[in-house]
Amino acid sequence: MTQKFIPYQQKELTKEEQETNSENFYQLLDQRRSIREFSDRPVDIKIIENIVKAASTAPSGAHKQPWTFCVISNPEIKKQIRDAAEIEEKENYSKRMSDRWIEDLEPFGTNWEKPFIEIAPYIIVVFKRAHETIDGEKRNNYYVNESVGIACGMLISAIHNAGLVTLTHTPSPMNFLTKVLNRPENERAYLLLPVGYAANDAEVPDIHRKSLNEVMVRYD
Ligand code: IYR
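Residues numbered from 1 in each chain as written. Predicted model: local features only at pLDDT ≥ 70, side-chain atom pairs only at ≥ 80, totals over all residues. Heavy atoms only, no water.

K.L.:
Describe a nonpolar patch on the surface, with residues and values.
P.N.:
Taken together, the side chains of Leu212, Val215 and Met216 present a nonpolar region at the surface, about 310 Å² in accessible area. Here Leu212 is to be found in helix H8 (residues 212-215). Leu212 gets classed as exposed once you look at its relative accessible area, which sits at 57%. (Patch = residues over 30% accessible without salt bridge, like charges linked within 9 Å, V, L, I, M, F, W, Y side chains within 5 Å. Areas by Shrake-Rupley, 256 points an atom, 1.4 Å probe, with all protein chains shown as cover. Salt bridge = Lys/Arg side-chain N within 4 Å of Asp/Glu carboxyl O. Helix = DSSP H or I, 4+ residues; strand = E, 2+ residues; numbered from the N terminus. Buried < 20%, exposed > 50% of the residue type's maximum accessible area, 1.4 Å probe, protein only.)

Structure (structure tokens):
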């Protein structure tokens, strides 16, 4: 098969535009916070669709786009997910997590209770697609974790850009989501994100981000 190529076109920015755009984008992302207290205020599904479309523009191994975004607003399904997540998290917080891990989480005030799963208007569960079945033949996808991780980063940025909030919730193990959401055998749950508005009285921990010097090393 010969691949057809088409010209690439991107609008050329002036130096000033590059500076202001990159600074503004950084400032926008720097305002993002993980939120644990949600409002039940509704969100238009059109916004969620745009957010998922944005995430699905992510680069992926051999352009296989090995992801499925399950968007859940159904209250019964949300309750099933919450109940199952809390059973696992109770085990995690009381038995599976080390004392040091529990200590590291103290500043965030997290525990096994996950009310946000029912309160937020939408839950997005991202599944990675380990392989595809094409004409009855199993075909592996490539760099699945990297691809889906990048898509999740773009999803989180798109959520923030739309004036909404989210939390990267990682109930572990999360196989129960395959059952609850009736997913096919080639999909594995990757990340669960409540999406909506922050509660009016929501608070966030007073934490700070590493400085540029701490995260960037130059080789000129
Ligand atoms: N999965 C658990 C625990 C947890 C782990 C880390 I690392 C966090 O940054 C936050 C929570 C939970 O979701 O509560």
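What follows picks up the thread again.
K.L.:
So what's going on with the pairing of strand S3 (residues 131-134)? Which residues, and what values?
P.N.:
Bridge analysis of S3 against strand S4 (residues 137-140) gives four bridges, and the strand direction is antiparallel. Bridging from a neighbouring strand, Ile134 pairs with Glu137 of S4. Adjacent in sequence and paired antiparallel, S3 and S4 are bridged by two residues, among which Asp135 carries a positive phi angle near 50°. (Pairing = 2+ DSSP bridges.)

K.L.:
Any chance you could break down helix H3 (residues 75-96) for me, citing the residues and the numbers?
P.N.:
The end-to-end C-alpha distance of H3, which contains 22 residues, comes to 29 Å, matching closely the 32 Å that a straight helix rising 1.5 Å per residue would cover. Every buried residue belonging to H3 is among Lys78, Ile81, Arg82, Ala84, Ala85, Glu86, Glu88, Glu89, Asn92 and Tyr93, and all of these are buried. Of the surrounding secondary structure, the elements contacted by the buried residues of H3 are strand S1 (67-72), helix H4 (99-105), helix H5 (116-119), strand S2 (122-129), helix H7 (176-180) and strand S6 (187-196). For H3, the capping residue at the N-terminal end is Asn74, with a side-chain oxygen 2.9 Å from the backbone nitrogen of Glu76. (Expected span 1.5 Å × (residues − 1). Contact = heavy atoms within 4.5 Å. Polar contact = N/O pair within 3.5 Å; in protein donor to acceptor, adjacent residues only side chain to side chain.)

K.L.:
An account of the site of the ligand is needed here, citing residue identities and associated values.
P.N.:
Taken together, Glu89, Tyr93, Met97, Trp101, Leu105, Lys114, His169 and Thr170 make up the full set of residues near the ligand. In this structure, an oxygen atom belonging to the ligand sits 2.6 Å away from a side-chain N or O atom of Tyr93. At 2.9 Å from an oxygen atom of the ligand is found a side-chain nitrogen or oxygen belonging to His169. Relative to its free-state accessible area of 380 Å², the ligand is covered by the protein chains to the extent of 69%. When atoms are counted within 2 Å of each cavity's grid points, the one that captures over half of the ligand is the largest pocket. Of all the secondary-structure elements, those providing two or more residues to the shell around the ligand are H3 and H4. (Near = heavy atom within 4 Å. 1 Å grid on protein atoms, 1.4 Å probe; cavity = no way out; pocket = protein on both sides within 12 Å on 5 of 7 lines; lining within 4 Å. Sits in = over half its atoms within 2 Å of the grid points.)

K.L.:
Residues and numbers for the packing of aromatic side chains, please.
P.N.:
Taken as a whole and assessed by the stated rule, the structure comprises one aromatic pair. A centroid spacing of 6.3 Å and a plane angle of 45° characterise the contact between Phe38 and Phe116, whose relative ring orientation is tilted. In this pair, Phe38 sits in the loop between helix H1 (15-30) and helix H2 (45-55) while Phe116 sits in helix H5, placing the two residues 78 residues apart along the sequence. (Phe/Tyr/Trp six-rings, centres within 6.5 Å; stacked < 30°, edge-to-face > 60°.)

K.L.:
Account for the sheet that holds S2, with residues named and values stated.
P.N.:
If you trace the four strands from one edge of the open sheet to the other, you get S1-S2-S6-S5, paired in antiparallel fashion. Bordering the open sheet on either side are S1 and strand S5 (165-166), each of which pairs with just one other strand. Two elements, S2 and S6, share eight bridges in a ladder whose sense is antiparallel. What sits directly across from Ile124, in S6, is Leu193.

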